[in-house]
Amino acid sequence: MRIAQTRFRNFRNLENALIGWDSGLNLLTGVNGAGKTNVLEALHVVTGWGAFSGSKCSDTVKWHSEGGASLAAQATGEREAVIEAVIVGRASLRLDSKLCRWGDLRSCVPSLTFLPSDMALIEGAPSVRRRFLDLLCALCFPLYAYKLSEYRKITQHRRHLLGLGHSTRVTEETMANLSVWIWECRLEVIAALRVHLEKWCDLLPRKIDLNLKRGGGGNADGLLEDFHRSCAILAERERASGLPLVGPHRDDLIIGCEGRPAPEVLSRGQRRRAALALVMAAASAVERRNRASPVLLFDEVASELDEAGRTVLMECLQRSRWQVFAATAESTLPWFQGTRWRVSAGKIQRCD
Ligand SMILES: Nc1ncnc2c1ncn2[C@@H]1O[C@H](COP(=O)(O)OP(=O)(O)OP(=O)(O)O)[C@@H](O)[C@H]1O
């Protein structure tokens with residue numbers, strides 16, 4: 001899919017405007033604080049992901065403006081669609097004039113985002129990699145976001161019971177079934193990532209391996225049996241800590257390189273390349289599954305990459321044929337081929 005045009009009104013510092021985007025590579029340049037990330041965030045909203053993490057939708061309304069913010073996008077490609085988001089407190093969403101949910105927008109125009117914080121994909125806490133798996137699963141399996149929220153509720157309940165020193169038996173069956181469902185999705189996307197990483201191996205400094213480490217352990221094929229077995233083994237520790245210790249909320253995506261943890265083997269720039277390769281592989285997996293080409297939103301895409309890394313990235317982006325929105329504060333990017341946009345105090349202008 002492609003975002004052919006967008007209309008912004010009272011969204012952060014962006015000037016109210018109608019912009020027709022390039023269907024290939026769009027590079028947003030401008031000084032710090034110009035509004036480049038705000039453009040990416042607006043696209044993040046219209047593609048069904050809401051405000052960037054750490055913000056609520058209501059934070060995106062332009063300060064001191066009357067009423068709320070509104071965004072509209074016209075999408076083309078595998079299908080034609082008109083998306084509207086009106087933000088007054090909460091966001092109200094419409095797809096082709098009909099009220100819809102975030103998930104409907106995600107299915108219509110699948111997008112993947114790479115922010116500077118995504119460097120942490122390789123070296124950060126397990127929660128960062130779980131989030132990456134969750135975003136990818138949400139794009140690949142329409143029920144995933146719902147099942148995950150049900151799982152979070154039951155885990156919360158189990159935690160509450162543990163805190164009170166009560167038996168947790170009532171939670172076990174539901175938690176086991178939801179855990180198995182989530183693990184099956186995660187295992188499937190990891191298998192897809194392994195396959196699709198091959199396509200983007202030029203980006204990878206060294207070959208990496210991916211494996212799911214399941215929360216609570218268990219290596220056998222029977223996910224359900226493993227869940228119950230781990231609950232029995234860890235029951236005492238759960239009671240002592242007051243924390244549920246078995247289930248997808250404790251998973252990790254183990255990224256290895258040459259038999260060692262990837263952060264030990266890869267330099268900073270190499271980790272960035274590996275993280276970018278993972279996002280490209282995720283986009284390929286989404287394209288394959290949804291039969292719709294994804295839109296990529298990249299912030300500070302080239303920082304910490306050497307010249308060779310930038311050239312390889314450019315080749316990969318061109319080869320992908322996906323629509324890309326990339327933001328950078330660098331003013332000269334001779335390696336970038338595509339349409340350049342200058343963002344200045346919220347005003348977006350095409351550079352010819
Ligand atoms: N709700 C809002 N209303 C008006 N302006 C806002 C709002 N939220 C953020 N801003 C302004 O948006 C600007 C930040 O924009 P943005 O993060 O997109 O910059 P950037 O071009 O990506 O900068 P950098 O290169 O530093 O990443 C700041 O000047 C900030 O004051």
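The written sequence of each chain sets the order in which its residues are numbered from 1. Given that this is a predicted model, residues contribute local features only at a pLDDT of at least 70 and side-chain atom pairs are listed and counted only at 80 or more, while totals for whole chains, interfaces and linings are drawn from all residues. The side-chain quantities take in all heavy atoms of the structure and omit both hydrogens and water.

In the annotation of an unreviewed UniProt entry, the chain is listed under the name DNA replication and repair protein RecF and assigned to Pyramidobacter porci. UniProt positions are given in the numbering used here, feature names are shortened, and annotations may be inferred rather than shown by experiment. Under the UniProt heading Function (unreviewed entry), the note attached to the chain is "The RecF protein is involved in DNA metabolism; it is required for DNA replication and normal SOS inducibility. RecF binds preferentially to single-stranded, linear DNA. It also seems to bind ATP." Regarding the chain, the relevant UniProt record gives this comment under Sequence similarities (unreviewed entry): "Belongs to the RecF family."

When accessible area is computed with a 1.4 Å probe and restricted to protein chains, residues below 20% of their type maximum are described as buried, those above 50% as exposed, and intermediate ones as partly exposed. Numbering of helices and strands runs from the N terminus, with a helix taken as a DSSP run of H or I at least four residues long and a strand as a DSSP run of E at least two residues long. The element strand E3 (residues 25-29) is extensively covered by neighbouring structure, given that five of its five residues are classed as buried. Along E3, one buried face is formed by Leu25, Leu27 and Thr29 and the opposite face, lined by Asn26 and Leu28, is buried too. One ladder, built from five bridges, connects E3 with strand E13 (residues 323-328); its direction is parallel. Counted as the bridge partner of Asn26 is Phe325 from E13. Paired strands are those between which DSSP finds at least two bridges. Sheet analysis places E3 next to strand E14 (residues 339-344), joined by four bridges and oriented parallel.

Here the focus is the domain arrangement of the chain. These domain limits were set by an automatic method or by a database of domain assignments. According to the domain assignment, the chain contains domain 1 (1-110 + 293-352) and domain 2 (123-291). Any two residues whose heavy atoms approach within 4.5 Å at even a single point are treated as in contact. In this assembly, 25 residues from domain 1 lie in contact with 22 residues from domain 2. In short, buried area is how much 1.4 Å probe accessible area vanishes from two parts on joining, totalled over both. For the pair domain 1 and domain 2, the summed buried area comes to about 1900 Å², and 67% of that belongs to carbon and sulfur atoms. Summed over the three residues of domain 1 that lose the most area to domain 2, namely Trp49, Glu304 and Trp322, the buried surface amounts to 28% of that side. Between Lys or Arg on one side and Asp or Glu on the other, a salt bridge is scored when a side-chain nitrogen of the former is within 4 Å of a carboxyl oxygen of the latter. Our count for the domain 1 to domain 2 interface comes out at two salt bridges. Measuring nitrogen to oxygen at the nearest pair gives 3.9 Å for the salt bridge that ties Glu304 to Arg272. Each polar contact in these results corresponds to two N or O atoms within 3.5 Å; when the atoms are within protein, one needs to be able to donate a hydrogen and the other to accept it, and residues that are neighboring in sequence are counted only if both atoms are side-chain atoms. Taken together, the links from domain 1 to domain 2 amount to five residue pairs in polar contact (both at pLDDT 80 or more). Counting only elements with at least two residues in the side of domain 1 that touches domain 2, the list comes to strand E12 (295-299) and helix H10 (307-320). Counting residues per element, the side of domain 1 that touches domain 2 draws most heavily on H10, which supplies eight residues.

With that out of the way, let us pick up the packing of aromatic side chains. Working definition: rings of Phe, Tyr and Trp (its six-membered ring) pair if their centres are within 6.5 Å, and the pair is stacked with planes under 30 degrees apart, edge-to-face with planes over 60 apart, and tilted otherwise. Enumeration over the complete set of coordinates arrives at six aromatic pairs. A centroid spacing of 6.2 Å and a plane angle of 55 degrees characterise the contact between Trp183 and Phe227, whose relative ring orientation is tilted. Residue Trp183 is located in helix H6 (residues 169-197), and its partner Phe227 is located in helix H7 (residues 223-241); the two are separated by 44 residues in the primary sequence. As far as burial versus exposure is concerned, Trp183 and Phe227 are alike and both buried. Taken together, the ring pairs in this structure connect Trp21, Phe325 and Trp341 into an aromatic cluster. Sitting over a ring, as applied to charges here, requires NZ of Lys or CZ of Arg to be within 6 Å of the ring centre and within 35 degrees of the ring normal. Arg106 extends its terminal NZ or CZ atom over the ring of Trp49, reaching a point 4.9 Å from the ring centre. Over the aromatic face of Trp183 sits the side chain of Arg214, whose NZ or CZ is 5.4 Å from the ring centroid.

This next bit is on the sheet that holds strand E10 (residues 252-257). On the basis of which strands lie adjacent, the open sheet formed by three strands has the order E9-E10-E11 and antiparallel pairing. The open sheet has two free edges, formed respectively by strand E9 (208-213) and strand E11 (260-261), since each of these has just one partner strand. Both E9 and E10 contribute to a ladder of six bridges, which runs antiparallel. Among the inter-strand pairings, Asp209 is bridged to a residue of E10, identified as Gly256. Across the sheet, helix H4 (residues 126-140) is in contact with E9 and E10; its angle to E10 comes to roughly 105 degrees. This element, H6, spans E9 and E10 of the sheet and lies at about 180 degrees to E9. Note on geometry: axes are C-alpha line fits, over the in-contact stretch for helices, and angles between N-to-C directions span 0 to 180 degrees.

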